[in-house]
Every structure is written in C-alpha cells, then in structure tokens.
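For reference, the chains in residue letters:
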Amino acid sequence: MRGKWRYHLSLFTVCWIWGLAFVAVKVALDEASFVTVNLARFCMAALALLPILLVYRKHRPRLSNADRARVLVAGICAVYGYHLAVNYGTTLLPAGTAGLLANTTPIYAAVLAYIFLKEKMGVLRVGGILFALVGVALITVYGAGESVSAGRLQGIAFVLLAAFSWAVYTVVLRPLTRAHGVIFVTSYSIIVGALLQLPLLFWGGCVGELRDLSGAGWAWLVFLGLGSTVAGYFLYSNGIEGLG
C-alpha cells in the first residue's frame, strides 16, 4: 500500500481536475455548443501531444492491428460516448448533478473488468456498487431540488451513458497501458479522438462560435484541453495502471 501512494494521489488529483471541468464545461456552453467545446478541447490536446510523440518517436511502441483497433474503440468511446454525451447532458443538468452521475464510472468499470478481464469481484466491491446505485436513484429523484421532468431525465440518461462509455474506454485500454505504458497509449487515444471529430468542423456554427469566443471562454477551453484532457487523462491512466 505504501508504494502505491502516488497512484492514489494521481486519482485524487484527477478527481479535483475533472470536478472543475464540469464547471468549465457549463461556463463554456454559455458561449458555444457542446460540439464546438468538445472539438476545440480535443484539437488543442492533440496539438500539445504531437510534438512529444515526434521527439520520442524512436521509443514509440509497435502496435499490432488488434492494438490499433483497441485505440480506435477507445477514441470513439472517449469522444462520442463520453465527452459529447456528458457535454450535452450538462446542458440539461446542473454541473454538480452531472459531475456526481459521471462519477458512477467505477460501477461499470468493475463489472466490465470482471466479465472481460476476469478481475475479482469481492464483497466490498459488490457492496460499493449497490451503494452507488442507490445514490444514483436518489440523485435522479431528488438531485438539486428539481422536479423530475423529461429534460432532466434525458440529461441523466446522457450522463450515465457517458459514464458507461468511459468505463469501456478504461477496460479497453488497460491491457495496452500495461504492455506499452501510459504516455504513448493515452496520447494515441487523444489524437485519434481529435481526428474522429474533424468532420464536425462542418457541423453548423463551429468556426463562427470559436471566432466569437470571449477571453474567458478561451481560458476555460485551454483548461479543458490541456488540464482536463492532457493532464487528466495521464493522471487517470497512471493511477488505474498502478492500482489495477
């Protein structure tokens, strides 16, 4: 346990970063659509990572076709399954409610790891999952003192879909991070995620929304791109790899 304190610290730090990210997304959504916010943060993150991959190109691992398929699936889950879904859900929910629901990812990750990676499911883990599900039910009915409306339920559904997608991302990439390390595998997944979004540039209004962003809007996007995406992904993957 003592030797793993840095992995716990990584996950503790990323909890704070991603908690603030929900506030950042909520603020950014006042100036741009959820599609534009997501596209900008991933393109910014990819541009920051490309020089690192070029400098250390001799150390890049060789990926098999199966490994490349995993990275592609992870990129789809991260971008379309998690970020776009959670950004849209956040337009319908308070940032705090969305953040709490998104943190149900460990429930799905534990179940998926048990099914596909043959990881153990102890009594404490099962109890934690049941306890978390009760929390989700309470948030759904009583969260933020709001009535249960169609819009609220839609937002909850999208955020829970995002949490499940992030669990798939985690389980799909876990064998690769163990085999090839966090830096390259995580970088690949972010860059693939950015490339998958390029067609969205033609989605109505993206370029215009970016052009009209205020200084504060750009500041939040920089935090989302470099802090929440680059630093957050690395800290999360490092913590999961060390404790998994």
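The paragraphs below set out a description of the structure included in this document. In this text the structure is predicted, and so the values were computed from the model without any measurement.

Cut-offs used in this document
Residues numbered from 1 in each chain as written. Predicted model: local features only at pLDDT ≥ 70, side-chain atom pairs only at ≥ 80, totals over all residues. Heavy atoms only, no water. Helix = DSSP H or I, 4+ residues; strand = E, 2+ residues; numbered from the N terminus. Rg over C-alpha atoms; globule rule 2.2 N^0.38 Å. Contact = heavy atoms within 4.5 Å. Disulfide = S-S within 2.5 Å. Buried < 20%, exposed > 50% of the residue type's maximum accessible area, 1.4 Å probe, protein only. Axes fitted to C-alpha atoms, helices over the stretch in contact; angles between N-to-C directions. Parallel < 35°, antiparallel > 145°, perpendicular 65-115°, else oblique. Left-handed = near helix turned anticlockwise from the far one by under 90°. Nonpolar A, V, L, I, M, F, W, Y, C, P; charged D, E, K, R; others polar. Core = buried A, V, L, I, M, F, W, Y, C linked by side-chain atoms within 4.5 Å.

1. A few points about the overall build of the protein chain
Each helix and strand in the protein chain was counted, giving 10 helices and zero strands. Taken from the N to the C terminus, the helices and strands of the protein chain come in the order α-α-α-α-α-α-α-α-α-α. Radius of gyration (C-alpha) of the protein chain: 18 Å, near the 18 Å computed for a compact globule of 244 residues. Overall, the protein chain is about 45 × 45 × 30 Å in size when its C-alpha atoms are taken along their principal axes. Long-range contacts, defined here as pairs at least 24 residues apart, represent 87% of the contacts in the protein chain between residues at least 6 apart.

2. Side note on the state of the cysteines
A complete count under the given rule lists zero disulfides for this structure. The structure places no disulfide on Cys77, whose sulfur is separated from the nearest cysteine sulfur, that of Cys43, by 19 Å. The exposure class of Cys77 is buried, given its relative accessible area of 14%.

3. Section: the packing of helix 2 (residues 34-55) against helix 8 (residues 182-197)
Interaxial distance between helix 2 and helix 8 falls to 8 Å at its minimum, and their mutual angle equals 135 degrees. The orientation of helix 2 with respect to helix 8, classified from their angle, is oblique. Seen from above, helix 2 lies across helix 8 with left-handed handedness. Along the contact surface, helix 2 presents Asn38, Leu39, Phe42, Cys43, Ala45, Ala46, Leu49, Leu50 and Leu53, while helix 8 presents Phe184, Ser187, Tyr188, Ile190, Ile191, Gly193, Ala194 and Gln197. Taken together, the residues of the contact of helix 2 with helix 8 break down into 13 nonpolar, four polar and no charged.

4. Thoughts on the environment of Arg41
Looking at the element boundaries, Arg41 is found in helix 2. Arg41 gets classed as buried once you look at its relative accessible area, which sits at 3%. For the pair Arg41 and Val230, spaced 189 residues apart in the sequence, the C-alpha separation amounts to 9.5 Å. Those residues in contact with Arg41 that sit more than four places away from it in its chain are Val25, His83, Leu224, Gly225, Ser228 and Thr229.

5. A short note on the nonpolar core
Formed by 48 residues in total, the largest nonpolar core has its most connected members in Trp166, Tyr169 and Tyr233. When contributions to this core are tallied by element, the ones reaching two or more residues are helix 1 (5-28), helix 2, helix 3 (65-92), helix 4 (95-102), helix 5 (105-116), helix 7 (150-180), helix 8 and helix 10 (215-243). No other element matches the 12 residues that helix 7 contributes to this core. Discounting residues that sit within four places of it in the chain, Tyr169 has contacts with Ala74, Cys77, Ala78, Thr186, Ser189 and Tyr233. The next biggest cluster of nonpolar side chains, apart from the first, holds 13 residues, and it includes Leu29, Ala32, Leu213 and Leu221.

6. Remarks on the packing of helix 2 against helix 10
The N-to-C vectors of helix 2 and helix 10 enclose an angle of 60 degrees; their axes lie 8 Å apart at closest approach. By the criterion of interaxial angle, the relationship of helix 2 to helix 10 is oblique. The handedness of the crossing between helix 2 and helix 10 is right-handed. Here Val37, Ala40, Arg41, Phe42, Met44, Ala45, Ala48 and Leu49 of helix 2 come into contact with helix 10, specifically with Trp218, Leu221, Val222, Leu224, Gly225, Leu226, Ser228, Thr229, Val230, Tyr233 and Phe234.

So far we have only geometry, and geometry alone does not tell us how the molecule works.
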